[in-house]
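# What the coordinates show
This is what each chain is made of:
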Amino acid sequence: MPNSVLIGAQWGDEGKGKIIDVLTEDVDIVVRYQGGGNAGHTVEVGDERYILHLVPSGILREDTHCVIGNGVVVDPLTLSEEIRELEKRGFSLCGRLHVSDRAHVVLPYHRELDAGRENTSDENSKIGTTKRGIGPTYGDKASRRGIRMGDLVDENTLDEMIIERVDENNRVLAAMGAQPVEAAEVVTSYREVARFLAPYISDTVSLLHDAHADGKSILFEGAQGTMLDIDFGTFPYVTSSNATSGGACTGTGIAPNAIDRVIGVVKAYTTRVGAGPFPTELFDEAGETLSREGKEFGATTGRPRRCGWFDAVVARYSAMVNGVDLWAITKLDVLDSFESIKICVAYDCDGKRLERMPANIRQFERCRPIYEEMEGWCTSTREAAGYDDLPAAARLYLERLCELSGGELGIVSVGPRRASTLRIAL
Ligand code: IMP
């Protein structure tokens, strides 16, 4: 299989974990390249359900190697818990999971700072983050105050680095009226977790280059989605990393010419968690149906997701900035009961028709969806075993989504099980 980057083309939660799980059947290595414990990939295998936050979903296939790249921010406590839980459920990770020594470490003060900023009384400055410390950790990386996984396992310098950073951040926490962090406790817990994680930490840049040179196939797994990308998303209502396909290079050390194709994952409708504009959001019965049928609750925080119709302006923009070759369209079955289905084809902004995504958040807030309506199929698609088993109206809907968004249809998913994944061109 060629080297592929798989990205979320909406606001995250597109069902990437499930698509990755299916595609890993044909790949040797799966790599996470950005984000951190804010991600939540849900995968169902048989009767078992797995929610993964940091470990790539490829771990659920015995022979697949998994890499957490340098672009990821790693909370070592979350990672060690996830490893222990997977091992308890019968997966062996040692020698199969590789964590970059260049990845930055999330520390307790990052979480406190994240929560402190979110707990502000000013509603307008809330992002609705997952409070996992993601923004402050990337902030420390950019301001060159971060601690990396390679530092974590260097017992000679770790204590000193932690004490110095805790001291500095406690002053910021105090100014925010938040609880300080106890340096001695952090040193003890991070030393202990460092010993547990040490066998997993390595130079993943070399590992990936060697694997590529040996002809191994690599799947780069994006977390979150394009509209949450720090550069291309709905800034400031975004996460702090590059969730788009370009992040696969900077977040792993693999060069662009080693990547053969880009797979964009979209839901057959749209959801978002957290604050920020969402033009096709529904507040009526249709929105409730999407939420109920799609079980739209965040895998990481359990928050209800906001639901709306498919937004082709978003998908077109995602196709453009990511270079999407193939689409994986998920959760088609959630639309089974609708008599008619809307697709947003453009925006009306102050009386002007917009075909492209505006950068300015205030302008985006004023965008109203211009809809096209299609007939629903009012039949269950759950049992479809192939594309041709889908009702004609469902096929027309999927074809229209691809036509409006640009790119070909690669996969359609009609349910949570592995068998509910219809492979068309992937
Ligand atoms: P942070 O990544 O925790 O800083 O949160 C920033 C924004 O990204 C918030 O709106 C979160 O709800 C959103 N977000 C972060 N991770 C995910 C995800 O995996 N799925 C969907 N939304 C996410």
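Structure's up top.
These notes cover the structure that comes with them. (Residues numbered from 1 in each chain as written. Predicted model: local features only at pLDDT ≥ 70, side-chain atom pairs only at ≥ 80, totals over all residues. Heavy atoms only, no water.)

### Some words on the site of the ligand
Around the ligand sit 16 residues in total, of which Asp13, Asn38, Thr130, Thr239 and Arg303 are the nearest. Between a nitrogen atom of the ligand and a side-chain N or O atom of Gln224, the distance comes to 3.2 Å. Within the complex, the protein chains bury 96% of what would otherwise be the 470 Å² of accessible surface of the ligand. In the shell around the ligand, the residues fall into six nonpolar, eight polar and two charged. (Near = heavy atom within 4 Å. Polar contact = N/O pair within 3.5 Å; in protein donor to acceptor, adjacent residues only side chain to side chain. Areas by Shrake-Rupley, 256 points an atom, 1.4 Å probe, with all protein chains shown as cover. Nonpolar A, V, L, I, M, F, W, Y, C, P; charged D, E, K, R; others polar.)

### Structural notes on the sheet that holds strand β11 (residues 261-267)
The sheet built from 10 strands is open, its strands ordered β9-β7-β5-β2-β10-β1-β11-β15-β19-β20 with mixed pairing. The open sheet terminates on both sides in strands that have one partner only, identified here as β9 (201-202) and β20 (421-423). Relative to strand β19 (residues 408-413), strand β15 (residues 326-330) runs parallel, the two sharing four bridges. The residue bridging Ala328 from the neighbouring strand is Ile411, located in β19. Relative to strand β7 (residues 97-100), helix α8 (residues 204-213) is tilted by about 125 degrees, and along the sheet it contacts β2 (29-32), β5 (65-68), β7, β9 and β10 (218-221). (Pairing = 2+ DSSP bridges. Helix = DSSP H or I, 4+ residues; strand = E, 2+ residues; numbered from the N terminus. Contact = heavy atoms within 4.5 Å. Axes fitted to C-alpha atoms, helices over the stretch in contact; angles between N-to-C directions.)

### Describing empty space enclosed by the protein
Applying the stated rule across the entire model yields one cavity of 30 Å³ or more. Estimates place the volume of the largest cavity at around 50 Å³. The wall of the largest cavity is formed by Gly37, Val73, Val74, Asp75, Thr78, Val106, Arg111, Arg132 and Ile134. Its residues assigned to classes, the lining of the largest cavity shows four nonpolar, two polar and three charged. Mapped onto the domain boundaries, the lining of the largest cavity takes at least three residues apiece from domain 1 (4-100 + 201-262) and domain 2 (104-197). (1 Å grid on protein atoms, 1.4 Å probe; cavity = no way out; pocket = protein on both sides within 12 Å on 5 of 7 lines; lining within 4 Å. Points joined across faces, edges and corners; volume = space filled by probe spheres on them. Domains from an automatic or database assignment.)

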